[in-house]
Amino acid sequence: DVLTLAGLPDATFDLVVDNHCAHCIVGPADRAAFWASARRVLKPGGLMFTTMMSAEGAFDRPARVTPEGNRFWVLEAELRTELAAAGFTVLHLARIPDPPHGDDLVAYLKG
C-alpha cells in the first residue's frame, strides 16, 4: 500500500522512484499520505524522483479527474505545496511535453 508503505522501516532507502503512481492517487488526503510515506522511508538526504500528469501546458481535458476517478492532473503550485508539506526540498521541477496526454511534471526531490 503506497499510502502507508507498512512493513518498511523509516530511513531505509537512498532513492525512491515514483513513475506515474502519484497521479493515480486522486484525493488530497491520500496524496499527502503517499508523500509522507515516501519521505518517511528515505534516509536523511535521500532522493526521490516523481512524474505526474500536469493540468497545465497542453492540458485539454474537461476535468482534472478522469470520469472513472482513477487519474488526477495536478497543477505545479499544488504539487510544490504537497511536497513541501511532506518535508521535501524540490531540487528540480520541470514540465515536460508528453503528447498526446498533455504535459508531465517531473521532479527531483531531497528528503
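As shown above, the structure is provided for reference.
Residues numbered from 1 in each chain as written. Predicted model: local features only at pLDDT ≥ 70, side-chain atom pairs only at ≥ 80, totals over all residues. Heavy atoms only, no water.

Engineer: Got a minute to help me understand a nonpolar patch on the surface in this structure?
Structural biologist: A cluster of nonpolar residues, Leu-15, Val-17, Leu-47, Leu-91 and Tyr-108, forms a patch on the protein surface that exposes about 480 Å² of accessible area. With a relative accessible area of 39%, Leu-47 lands in the partly exposed category. (Patch = residues over 30% accessible without salt bridge, like charges linked within 9 Å, V, L, I, M, F, W, Y side chains within 5 Å. Areas by Shrake-Rupley, 256 points an atom, 1.4 Å probe, with all protein chains shown as cover. Salt bridge = Lys/Arg side-chain N within 4 Å of Asp/Glu carboxyl O. Buried < 20%, exposed > 50% of the residue type's maximum accessible area, 1.4 Å probe, protein only.)

Engineer: I keep staring at the packing of aromatic side chains and nothing clicks. Help me out?
Structural biologist: Here the distance between the centres and the angle between the planes together describe a pair of aromatic rings. A full pass over the atoms with the stated rule returns 3 aromatic pairs. If you follow Arg-31 out to its NZ or CZ, it ends over the ring of Phe-72, 4.0 Å from the centre. (Phe/Tyr/Trp six-rings, centres within 6.5 Å; stacked < 30°, edge-to-face > 60°. Lys NZ or Arg CZ within 6 Å of the ring centre and 35° of its normal.)

Engineer: Looking at this model, I keep getting lost on the nonpolar core. Mind explaining?
Structural biologist: It is characteristic of soluble globular proteins that their nonpolar side chains tend to be buried jointly. Judged by nonpolar contacts, the single largest core of 20 residues is most densely connected at Trp-35, Met-48, Met-52, Leu-79 and Phe-88. Dropping the residues within four chain positions of it, Leu-79 is found in contact with Trp-35, Met-52, Val-74, Leu-93 and Leu-105. (Core = buried A, V, L, I, M, F, W, Y, C linked by side-chain atoms within 4.5 Å. Contact = heavy atoms within 4.5 Å.)

Engineer: Hey, could you run me through the sheet that holds strand β3 (residues 89–97) in this one?
Structural biologist: Pairing between the strands of a sheet is mediated by backbone hydrogen bonds and can be parallel or antiparallel. With mixed pairing, the 4 strands of this open sheet are ordered in space as β1-β2-β4-β3. Both edges of this open sheet fall to β1 (13–19) and β3, since each of them pairs with a single strand only. In this sheet, adjacent strand axes meet at a mean angle of 10° when their direction is disregarded. Lying on the sheet, helix α2 (residues 76–85) is in contact with β2 (42–54), β3 and β4 (103–110); it crosses β3 at an angle near 155°. (Pairing = 2+ DSSP bridges. Helix = DSSP H or I, 4+ residues; strand = E, 2+ residues; numbered from the N terminus. Axes fitted to C-alpha atoms, helices over the stretch in contact; angles between N-to-C directions.)

Engineer: Help me understand helix α1 (residues 28–41), please; the structure alone is not making it clear to me.
Structural biologist: Since the α-helix advances by 3.6 residues per turn, residues separated by three or four positions end up pointing in the same direction. Taking 1.5 Å per residue as the helical rise, α1 with its 14 residues ought to reach 20 Å, and the 20 Å between its terminal C-alpha atoms agrees with that figure. Turning to α1, its buried residues are Arg-31, Phe-34, Trp-35, Ser-37, Ala-38 and Val-41. Down the axis of α1, the buried set is contained in an arc of 160°. They therefore lie on one face. Exposed side of α1, more than 90 degrees from the buried face: Pro-28 and Ala-29 are the residues found there. For α1, the elements touching its buried residues are β1, β2 and α2. (Expected span 1.5 Å × (residues − 1). Arc of directions from axis to C-beta.)

In short, shape yes, function no, at least from these values alone.
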